[in-house]
Amino acid sequence: MPPNDAPTIAVIVPTFNERGNPGPLVEQVSAALADRPFRIVFADDSTDGTTREIRDLARESVTISLNHSSSRRGLARAVVETLADVTEEFVVIMDGDLQHPPRLLPSLIATLTAGADIAVASRYAPGGRELGLSGPIRRLVSRQSTRAARLLLPQARQTTDPMSGFFAIRRTILDGATLQPVGFKILIEVLVRGHVRRVVDVPYTLDRRTRAASKASPLEGVRFLRHLVRLRAP
Ligand SMILES: Nc1nc2c(ncn2[C@@H]2O[C@H](COP(=O)(O)OP(=O)(O)OP(=O)(O)O)[C@@H](O)[C@H]2O)c(=O)[nH]1
Ligand SMILES: [Mg+2]
């Protein structure tokens, strides 16, 4: 059992039209973090009834809260706006579609406790896999984008998976930093603009999406390239 002074944890989950996913996600995150002091905050822009599911969950438990926008902010902006309301010592960012397995949470938290500033759940570290990226083209795009990020940004070389959407940070690394979110990729923004000394990868398997629809699109690829250019000349 974690000690009484165990670090507080906020798990931020971006959601856009993820009906059927919030319930199982809350159940699995709660089981994974068990006796630790944690809170789940949904960064939600949904229009399909997902918001009502989250509100119902929040009514049942004080560990669940909702940061909702009635206009679509985009993944990264929704997360950054939610981060501004969070005061916990450790912050986890993970998707709301269960492709990021909650059972990895104890390893990410233990990595921060051992002294890392960022623990990255990595598909590309030895032992990691990606079952979830549907089709060879998306897998190729993901790998080439990772290469481009590592080539162009020295900070991205601190991890094997700078495009990961699943990671945990020590919140103080963002003190005084101004994040400028674009599109889907938030970790590279944190790596470039945060006060980061130690990044540690934790291998994992990206699972398949089983409910609701993907929001990834070719437009996100274009946004990512613009993001890289902007990060090169902050
Ligand atoms: N708040 C918010 N969340 C979003 C937005 N777009 C996507 N998300 C969420 O961000 C997470 C990642 O989106 P996905 O559609 O799963 O993207 P992906 O994992 O690259 O694509 P798949 O492998 O096809 O699932 C999911 O939890 C989405 O619900 C948005 O505009 N606003
Ligand atoms: Mg997904």
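Being a predicted model, the structure only gives us computed values, none of them experimental. (Residues numbered from 1 in each chain as written. Chains lettered and ligands numbered in written order. Predicted model: local features only at pLDDT ≥ 70, side-chain atom pairs only at ≥ 80, totals over all residues. Heavy atoms only, no water.)

This paragraph deals with the overall build of the chain. Assigned secondary structure in the chain consists of seven helices and nine strands. Against the compact-globule benchmark of 17 Å for 234 residues, the chain has a radius of gyration of 17 Å, which places it among compact chains. Considering only C-alpha atoms, the chain reaches an extent of 45 × 40 × 35 Å along its principal axes. Expressed as a percentage of its 234 residues, the buried residues of the chain come to 50%. In the chain, the share of contacts with a sequence separation of at least 24, taken over all contacts with a separation of at least 6, comes to 76%. When the accessible surface of the chain is split by element, carbon and sulfur atoms take 53% of a total near 11000 Å². Treating the 32 positive side-chain charges of the chain as one cloud and the 24 negative ones as another, the clouds have centres 8 Å apart. (Helix = DSSP H or I, 4+ residues; strand = E, 2+ residues; numbered from the N terminus. Rg over C-alpha atoms; globule rule 2.2 N^0.38 Å. Buried < 20%, exposed > 50% of the residue type's maximum accessible area, 1.4 Å probe, protein only. Contact = heavy atoms within 4.5 Å. Areas by Shrake-Rupley, 256 points an atom, 1.4 Å probe, with all protein chains shown as cover. Lys, Arg positive; Asp, Glu negative; His and termini not counted. Charge placed at Lys NZ, Arg CZ, Asp CG, Glu CD.)

In the neighbourhood of ligand 1, 20 residues make up the surrounding shell, with E18, R72, D97, S214 and K215 lying closest. In the model, an oxygen atom of ligand 1 is placed 3.3 Å from a nitrogen or oxygen of the G74 main chain. Elements with a contribution of two residues or more to the shell around ligand 1: strand 1 (9–15) and helix 3 (75–83). (Near = heavy atom within 4 Å. Polar contact = N/O pair within 3.5 Å; in protein donor to acceptor, adjacent residues only side chain to side chain.)

Bringing the pattern of salt bridges into the picture now. In the structure shown here, the tally under the stated rule is 16 salt bridges. Note that E18 is salt-bridged to R209, the shortest N-O span being 2.9 Å. Of this pair, E18 sits in the loop between strand 1 and helix 1 (22–33) while R209 sits in the loop between strand 9 (205–206) and helix 7 (218–232), and the two are 191 residues apart along the sequence. Of the residues examined, E18 reaches a relative accessible area of 5% and is grouped as buried. For R209, a relative accessible area of 24% translates into the label partly exposed. With a shortest N-O distance of 3.1 Å, D97 and R209 are connected by a salt bridge. Separated by 112 residues along the polypeptide, D97 in the loop between strand 4 (90–93) and helix 4 (105–113) and R209 in the loop between strand 9 and helix 7 bring together distant segments of the chain. D97 sits in the buried class, given a relative accessible area of 4%. One network of salt bridges, in which partners are shared, links E18, D97, R209 and K215. (Salt bridge = Lys/Arg side-chain N within 4 Å of Asp/Glu carboxyl O.)

This brings us to the side chain of T51. Looking at the secondary structure, you find T51 in helix 2 (residues 50–60). Within the structure, T51 has its side chain in polar contact with the side chain of D44 (distance 2.7 Å). When neighbours within four sequence positions are excluded, T51 is seen to be in contact with D44, S46, L66 and H68.

Within the sequence span of helix 2, burial applies to T50, T51, I54 and L57. For helix 2, the angular spread of the buried residues around the axis is 125°, confining them to a single face. Exposed residues lying more than 90 degrees from the buried face of helix 2 are R52, R59 and E60. On its buried face, helix 2 sits against strand 1, helix 1, strand 2 (38–44) and strand 3 (64–68). (Arc of directions from axis to C-beta.)

Within the protein, D97 (OD) and Q99 (OE1) serve as the donor atoms for the magnesium ion (ligand 2), at 1.9 to 2.0 Å. Like Q99, D97 is buried. (Donors = N, O, S within 2.8 Å, 3.2 Å for Na, K, Ca; no water.)

As a further point, take the packing of aromatic side chains. In the structure shown here, the tally under the stated rule is one aromatic pair. Seen from the ring of F16, R72 lies directly overhead, with NZ or CZ sitting 3.8 Å from the centre. (Phe/Tyr/Trp six-rings, centres within 6.5 Å; stacked < 30°, edge-to-face > 60°. Lys NZ or Arg CZ within 6 Å of the ring centre and 35° of its normal.)

Another point: the packing of helix 1 against helix 2. It is the contact of helix 1 with helix 2, at a shortest axis distance of 9 Å, that shows an interaxial angle of 35°. Contacts between helix 1 and helix 2 involve P22, G23 and V26 from the first element and T50, E53, I54 and L57 from the second. (Axes fitted to C-alpha atoms, helices over the stretch in contact; angles between N-to-C directions.)

Looking now at the nonpolar core. By size, the foremost hydrophobic cluster in this structure holds 32 residues, and its most contacted members are V11, V29 and F166. By residue number, the principal contributor to this core is helix 1, which donates five residues. With residues up to four places along the chain from it excluded, the contact list for F166 reads V92, I93, M94, H100, P101, L104, L105, L108, V120, A121 and Y204. Counting residues in hydrophobic clusters, the runner-up holds 25 residues, among them V120, I169, I173 and L174. (Core = buried A, V, L, I, M, F, W, Y, C linked by side-chain atoms within 4.5 Å.)

A few words now on the sheet that holds strand 1. The strand order across the open sheet formed by seven strands is 3-2-1-4-7-5-8, and the pairing between neighbours is mixed. Edge positions in the sheet fall to strand 3 and strand 8 (199–203), since each has one partner strand and no second. Going from strand to strand, the sheet's axes swing by 20° on average, the running direction of each strand aside. Relative to strand 1, helix 3 is tilted by about 150°, and along the sheet it contacts strand 1, strand 2, strand 3 and strand 4. Against the sheet, helix 4 touches strand 1, strand 4, strand 5 (118–122), strand 7 (167–170) and strand 8, its axis set at about 150° to strand 5. (Pairing = 2+ DSSP bridges.)

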